[in-house]
Amino acid sequence: MDVEGTIEFLLSHQARMASENELFQAHQAEVRAEHEKIMRELAVSQLELADSVKALIASQTQTAEMQKHTDERLNALIQVVDDLVRRTRL
């Protein structure tokens, strides 16, 4: 058994593993930073979307009220025309 060779192999292997671990940790830090950036952007997008939905709801409510008013005016016009047509037939 070559003890010195085994020790050299183990030390070399340990040094390589330490180097690879440092590279992995550096890459992991980059990925974490990118993930945090994306999460912040997503949070901003969600807030913008919520504001847009609120504006859409307000607009839809206003449109419904305007439609109700238009329906009332149209019904009044229909009644007037119907009364006029009935009078001319008599």
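Look a little higher up for the structure.
Because the structure is a prediction, the values reported are computed rather than measured.

*Asks:* Give a detailed account of the pattern of salt bridges, specifying residues and quantitative values.
*Replies:* The final tally for this structure, using the stated rule, is three salt bridges. Across the pair Arg16 and Glu20 runs a salt bridge whose closest N-O atoms are separated by 3.6 Å. With Arg16 and Glu20 both in helix α1 (residues 3–89) and four residues apart, this pair spans about one turn of that helix. Given a relative accessible area of 42%, Glu20 falls into the partly exposed group. Linking Arg86 and Asp82 is a salt bridge whose minimum nitrogen-to-oxygen distance equals 2.9 Å. In this pair, Arg86 and Asp82 both sit in helix α1, four residues apart, roughly one turn of the helix.

*Asks:* Go over the environment of Val53 with me, naming the residues and quoting the values.
*Replies:* Its place among the elements puts Val53 in helix α1. For Val53, a relative accessible area of 40% translates into the label partly exposed. Here the alpha-carbon distance between Val53 and Arg87, two residues 34 residues apart in the chain, equals 51 Å.

How each quantity is defined
Residues numbered from 1 in each chain as written. Predicted model: local features only at pLDDT ≥ 70, side-chain atom pairs only at ≥ 80, totals over all residues. Heavy atoms only, no water. Salt bridge = Lys/Arg side-chain N within 4 Å of Asp/Glu carboxyl O. Helix = DSSP H or I, 4+ residues; strand = E, 2+ residues; numbered from the N terminus. Buried < 20%, exposed > 50% of the residue type's maximum accessible area, 1.4 Å probe, protein only.

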